[in-house]
Amino acid sequence: MATLQAAPNREQLDQYKERLLQLKKERNAIILAHYYMRAEVQEVADYIGDSFGLAQKAKDTDADVILFCGVHFMAESAKILNPEKIVLMPDDRSGCPMADMVTGDGLRKLKAEYPNATVVAYVNTSADVKAETDICCTSSNALKVINSVESDEIIWVPDKNLGHYVSQFTDKKMIIWQGYCNTHDLLQPEDVHALKAEHPGAPIVVHPECRPEVVALADYVGSTTGILKYCRESNFKEYIVATEEGVRYMLEKESPEKTFHFASRYMVCPNMKVHNVKKMVRALETLQPQIEVDPMVAEKARRSLDRMLEIVPK
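Figured I'd write up the structure that's included with this text.

The rules behind these values
Residues numbered from 1 in each chain as written. Predicted model: local features only at pLDDT ≥ 70, side-chain atom pairs only at ≥ 80, totals over all residues. Heavy atoms only, no water. Phe/Tyr/Trp six-rings, centres within 6.5 Å; stacked < 30°, edge-to-face > 60°. Helix = DSSP H or I, 4+ residues; strand = E, 2+ residues; numbered from the N terminus. Buried < 20%, exposed > 50% of the residue type's maximum accessible area, 1.4 Å probe, protein only. Pairing = 2+ DSSP bridges. Axes fitted to C-alpha atoms, helices over the stretch in contact; angles between N-to-C directions. Contact = heavy atoms within 4.5 Å. Salt bridge = Lys/Arg side-chain N within 4 Å of Asp/Glu carboxyl O.

## So, the packing of aromatic side chains
The geometry of an aromatic ring pair is captured by the separation of the ring centres together with the interplanar angle, meaning the angle of the planes. For the structure shown, the criterion picks out six aromatic pairs. When the centroid spacing of 6.4 Å and the interplanar angle of 25° are considered together, the rings of Tyr122 and Trp156 count as stacked. Of this pair, Tyr122 sits in strand E5 (residues 118-122) while Trp156 is found in strand E7 (residues 153-157), placing the two residues 34 residues apart along the sequence. For the residue pair Tyr122 and Trp156, the accessibility class agrees, reading buried in each case. Aromatic side chains Tyr220 and Tyr230 sit 4.7 Å apart centroid to centroid with 10° between the ring planes, which places their arrangement in the stacked category. Here Tyr220 is found in strand E10 (residues 220-221), whereas its partner Tyr230 is found in helix H13 (residues 224-233), with ten residues between them in sequence. Grouped by ring-pair contacts, the aromatic residues Tyr220, Tyr230, Phe236, Tyr239 and Phe260 constitute a single cluster.

Structure (structure tokens):
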């Protein structure tokens, strides 16, 4: 039977971080981390961002090695955009249940039913799905991407909640796949109502991956980057936050004088939390696990990612 290991203390963390800096220099590596990572990972990252920002940074880097701290589809995108570079994940078991809810075969069947539709895929999808997609998007640019295509009919995969939110702001017909984020979808309106009763003056900020009935309660709806900007720039002293709890690190770093009440203590993505600094050190020491994408799949998938990056400039 496996034994549980104690979390590293501050001294051990500092040792790992020192070794990480040494390895990063030796490997000419860059560390990219999603906002949902553990605080210890965000502390050592060269860049912290949402899916769109990470895709931009991955495309622009001149590093030889990309150490990607996120879930598998994100590291796949980095490899697709940088086929000549080494892309590592500290723990390659970090998958995304929502991305797994749509497959290339399933999307091909839906495309056959709607041959005139343009396929818009949330980046939370596998390389196989991106290869069957006309253009990708993230929660921060979904509406702009949808409105940029000529077709009046959109196949949207895989997140039904984000798809429902975006459909309210476009006249295009949306054929919405019924996937969802396990972490965001579990939040219920009563969770938000309970916190609002305790903190009546706090605005409610919500990620659009939440259920429509939760989104309807929001004072602000936006991507993780959008939520951070809203909380940083508005004058409220406390906020009710409906997204994954890893965002707390950056919220408190950018606005230490403000208070953030997370709508549920269960909004934790276990897949994001498998990475830690010890695994990051091991990945750079061994150059494993490496992320690989079939070159033929990558070539098709890259077109959908490049189109997204072209439409929404830096």
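## Quick word on the sheet that holds strand E8 (residues 173-176)
Ordered in space as E6-E5-E7-E8, the four strands form an open sheet in which the pairing is parallel. Each having just a single partner strand, strand E6 (135-137) and E8 make up the two edges of the open sheet. Strand-to-strand twist of the sheet, defined as the mean angle between neighbouring strand axes without regard to direction, takes the value 30°. Across the sheet, helix H9 (residues 160-167) is in contact with E5, E7 and E8; its angle to E8 comes to roughly 170°.

## With respect to the pairing of strand E3 (residues 65-69)
With five of five residues buried, E3 lies mostly within the body of the structure. Side-chain alternation along E3 places Val65, Leu67 and Cys69 on one buried face and Ile66 and Phe68 on a second face that is also buried. Summarising the sheet, strand E1 (residues 29-34) and E3 pair through five bridges and their orientation is parallel. The partner of Leu32 across the bridge, within E3, is Phe68. Of the strand pairs in this sheet, E3 and strand E4 (residues 86-88) are connected by three bridges, and their pairing is parallel. Across the sheet, residue Val65 finds its bridge partner in E4, namely Ile86.

## Observations regarding the pattern of salt bridges
One pass over the full model with this rule turns up 19 salt bridges. Where Glu233 meets Lys229, a salt bridge forms, and the shortest distance between an N and an O atom there is 3.0 Å. Placement of the pair is Glu233 and Lys229 together in helix H13, with a separation of four residues, close to one helical turn. What makes Lys229 partly exposed here is its relative accessible area of 41%. Residues participating in the shared-partner salt-bridge network are Asp105, Arg108, Lys111 and Glu132.

## So, the sheet that holds strand E11 (residues 238-242)
If you trace the four strands from one edge of the open sheet to the other, you get E10-E9-E11-E12, paired in parallel fashion. Whereas interior strands pair on both sides, the edge strands pair on one side only; in this sheet they are E10 and strand E12 (259-262). Taken together, the two bridges between strand E9 (residues 204-206) and E10 define a ladder with parallel strand orientation. Paired with Val206 across the bridge in E10 is Val221. Those strands touched by H13 are E9, E10, E11 and E12, and its axis lies near 160° from that of E9.

## Overview of unusual backbone geometry
The omega angle of the peptide bond from Val157 to Pro158 is -10°, so this bond is cis rather than trans. Within the fold, Pro158 resides in the loop between E7 and H9. With a phi close to 50°, Asn28 is a non-glycine residue in the positive phi region. Within the element layout of this structure, Asn28 appears in the loop between helix H1 (10-27) and E1. A positive phi angle is found at Leu287, which is not glycine, with a value near 55°. On the secondary structure map, Leu287 appears in the loop between helix H15 (277-286) and helix H16 (295-311). On the accessibility criterion, Leu287 (17% relative accessible area) is buried.

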